[in-house]
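Here's the letter readout for the chains.
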Amino acid sequence: MLKVLVVDDEAPIRRWLEYCIDQFDGFTVAGVAASGTEGLEIYRRERPNIVVSDIEMPGMDGLEMLRRMQKIHPAYMIILTSHEKFSYARQALNLGTAEYILKAEITMQSFQTVLLKAADTIRGRGVSDTGDAEQAARRFLKQLLADGWPGEEADIGGMLQRYGIRLRQKTFFAADILSRDGTELRALRRLAQDAPGLENLSMFPLDYDHLLIIANLGQEGGYPSVVQYFESKNHLSFIVGFSDPARKLSELPETLRTAKARCNLHFYHPDRRVFWKETVGVLAPRHTEIWKASFSKALFGQNYREAAVIKDQAVQELLDDCPTDLDAVKELCGFFVSTLLYLTGEQDDKDEERLEEARRTVSESRSMEELLDFLDEIFRPFASGLPRPGSYSEPIREAVAYMKAHYAEKITLSMVAGKVSFNPEYFSRMFMKETGLNFVTYLNNLRMRQAVELLEWTNKKIYEIAEEVGYSSVSYFSTAFKKTFGQTPNEYQIHIRRHKHEDGPAAEKRS
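J.: I tried to follow the environment of G281 on my own but got confused; where do I start?
T.: Mapped onto the fold, G281 is located in the loop between β10 (274-275) and α11 (288-300). A sequence separation of 40 residues divides G281 from D321, and the C-alpha atoms of the two residues are 6.4 Å apart.

Now the structure itself:
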């Protein structure tokens, strides 16, 4: 698989390109970015084979992003441009860009042709998706982290040598070192090389700010001295998580997992820099699917106070458990933020930008405290809740009643406004003011609420439920459902039915 990074500040173009790449064999989406700064961040982390980028973007433009990318590692660069900005395309070509595409003429077929040309060029020059030796070693280590040894124990020594890991069958350890201020890894390499009492040292950058080291100990009992050495380097801004010492090479996968997990504990303890004795708790947040479902259902009922309580209970569980899979922690918190904004917004381009900015803020949070401050900021406007249906004016009550009776049909704002004898524009403003939601969001919430009931309590097929709640396309229904609940209708049905006859964690904590 060749990894493709998409960078464009126009959401519809990003979505279309991402969709196309998913349809093409041999390619996978490495990431999607709305700006040059975000694109560069993903590029450092994912090391894609191909980059498809716009030129004109807010902040760091495409040309500056390309300059910086070329200094990190080579990739096949494809520029999106328009006729009137062709001079920019020439500059991009001078920077080493291999191809440009005119936005006005791009089609799925022409885009696939360009990607296939890129694939031929990459493989022809010997830069395949297998990557160089260091990339292969990183993939091997990631495989060990996830799956353990892929072969028999007798092959361990040979496999390590093949990937340039000079570890011997004597006491060893692993350490994951994070550059706290995001500086280059050169200083961290020197730090590790100068550590006393290490033998057969191997170092691998996991991304632009993480360095993984593996080494044998020169002397038995020398482990505390290594830890003290790192603790003494107060002039450098880094965090390190150590594994426990191990004696068998077959224990390497566990030492890697422990080092990574202990390093990630800094997210909960940002004032500390060295972790080496701490007991590592759970990897991922518990009850994620139930928290998501309970939170979304509370929002559907416009019960924002209950939704906030559910969010707080989930957060408290995170603080109690300190899960070390930080991506999963941020994904859950990001779900709370994006779902709240999605279900209460106007669902236009500005909302899309706000959602993306919120997701970036969650993703870039450097500590749990920073993440929780952002959650509080997003939820604060909803602390007092929104008006309940009993307080609506008579016309809005009639409109809501009509929507509840006909949500499965093709009803429009103009149609409902006519039922209560209002001008559509005036009705739209009045509806938003009284319900706190725009017409489309309110209607979609009604449909999703009924879909949830059918998924939980009937044996109907997904396509039958989609049609029954007003979606003519099953794929669109599934996409909208996943955006709301963080899981597909089928996944939701499986998780909820499993817990349907139980109180679940949210109910337990409320009691």
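Structure shown, so let's carry the discussion forward.
J.: When you look at unusual backbone geometry in this model, what are you seeing that I'm missing?
T.: What you tend to see is this: most non-glycine residues have negative phi, and most peptide bonds are trans. Positive phi outside glycine occurs at R47, with the angle close to 50 degrees. Among the structural elements, R47 can be located in the loop between α2 (36-46) and β3 (50-54). Positioned with a positive phi, S421 is a non-glycine residue whose angle comes to about 60 degrees. With respect to the helices and strands, S421 occurs in the loop between α17 (413-419) and α18 (424-435).

J.: What is the right way to read the packing of aromatic side chains from this model?
T.: How two aromatic rings sit relative to each other is set out by the distance from centre to centre and by the angle between their planes. Evaluation of the coordinates by the stated rule reveals 23 aromatic pairs. When the ring of F140 is compared with that of Y163, the centres are 4.3 Å apart and the planes differ by 10 degrees; the resulting orientation is stacked. With F140 in helix α6 (residues 133-147) and Y163 in the loop between α7 (156-162) and β6 (172-179), this pair connects stretches of sequence that are 23 residues apart. The class of F140 is buried, set by a relative accessible area of 2%.

J.: Is there a simple way to think about the packing of helix α13 (residues 326-344) against helix α21 (residues 474-485) in this case?
T.: To characterise two packed helices, one gives the angle between the axes of the helices and the distance between these axes. The N-to-C vectors of α13 and α21 enclose an angle of 120 degrees; their axes lie 8 Å apart at closest approach. Classified by the interaxial angle, the pair formed by α13 and α21 is oblique. On α21, the residues touching F335, T339, Y342 and L343 of α13 are K483, T484 and F485. When grouped by side-chain class, the residues that make up the contact of α13 with α21 number four nonpolar, two polar and one charged.

J.: It is not clear to me how the environment of L252 should be interpreted in this structure. Could you clarify?
T.: Considering the arrangement of structural elements, one finds L252 in helix α10 (residues 252-264). Residue L252 is classed as buried on the basis of its relative accessible area of 0%. Sequence separation between L252 and L167 is 85 residues, and the spatial gap between their C-alpha atoms is 9.8 Å. Apart from residues no more than four positions distant in its own chain, L252 is found in contact with L144, W149, L160, L167, F172 and I214.

J.: Just checking my understanding: could you explain the sheet that holds strand β4 (residues 76-81) for this structure?
T.: Sheets are built from strands paired through backbone hydrogen bonds, the pairs being either parallel or antiparallel. One open sheet accounts for five strands, arranged β2-β1-β3-β4-β5; its pairing is parallel. At either end of the open sheet lies a strand with only one pairing partner, and these are β2 (27-33) and β5 (99-102). Averaged over all adjacent pairs, the angle separating strand axes in this sheet is 20 degrees, with direction ignored. The pairing of β4 with β5 spans four bridges and is classified as parallel.

J.: Can you help me understand the nonpolar core in this one?
T.: Generally speaking, soluble globular proteins have nonpolar side chains that are buried together. Ranked by internal contacts, the top residues of the largest apolar core, which has 77 residues, are F295, M403, F427 and F477. Looking at which element gives the most residues to this core, the answer is α13, with 11 residues. Beyond its immediate stretch of four places on either side in the chain, F295 contacts A307, I310, K311, F335, F336, T339, L340 and F379. Judged by nonpolar contacts, the second largest core, of 24 residues, contains L198, A215, V227 and Y229.

Rules and cut-offs
Residues numbered from 1 in each chain as written. Predicted model: local features only at pLDDT ≥ 70, side-chain atom pairs only at ≥ 80, totals over all residues. Heavy atoms only, no water. Helix = DSSP H or I, 4+ residues; strand = E, 2+ residues; numbered from the N terminus. Phe/Tyr/Trp six-rings, centres within 6.5 Å; stacked < 30°, edge-to-face > 60°. Buried < 20%, exposed > 50% of the residue type's maximum accessible area, 1.4 Å probe, protein only. Axes fitted to C-alpha atoms, helices over the stretch in contact; angles between N-to-C directions. Parallel < 35°, antiparallel > 145°, perpendicular 65-115°, else oblique. Contact = heavy atoms within 4.5 Å. Nonpolar A, V, L, I, M, F, W, Y, C, P; charged D, E, K, R; others polar. Pairing = 2+ DSSP bridges. Core = buried A, V, L, I, M, F, W, Y, C linked by side-chain atoms within 4.5 Å.

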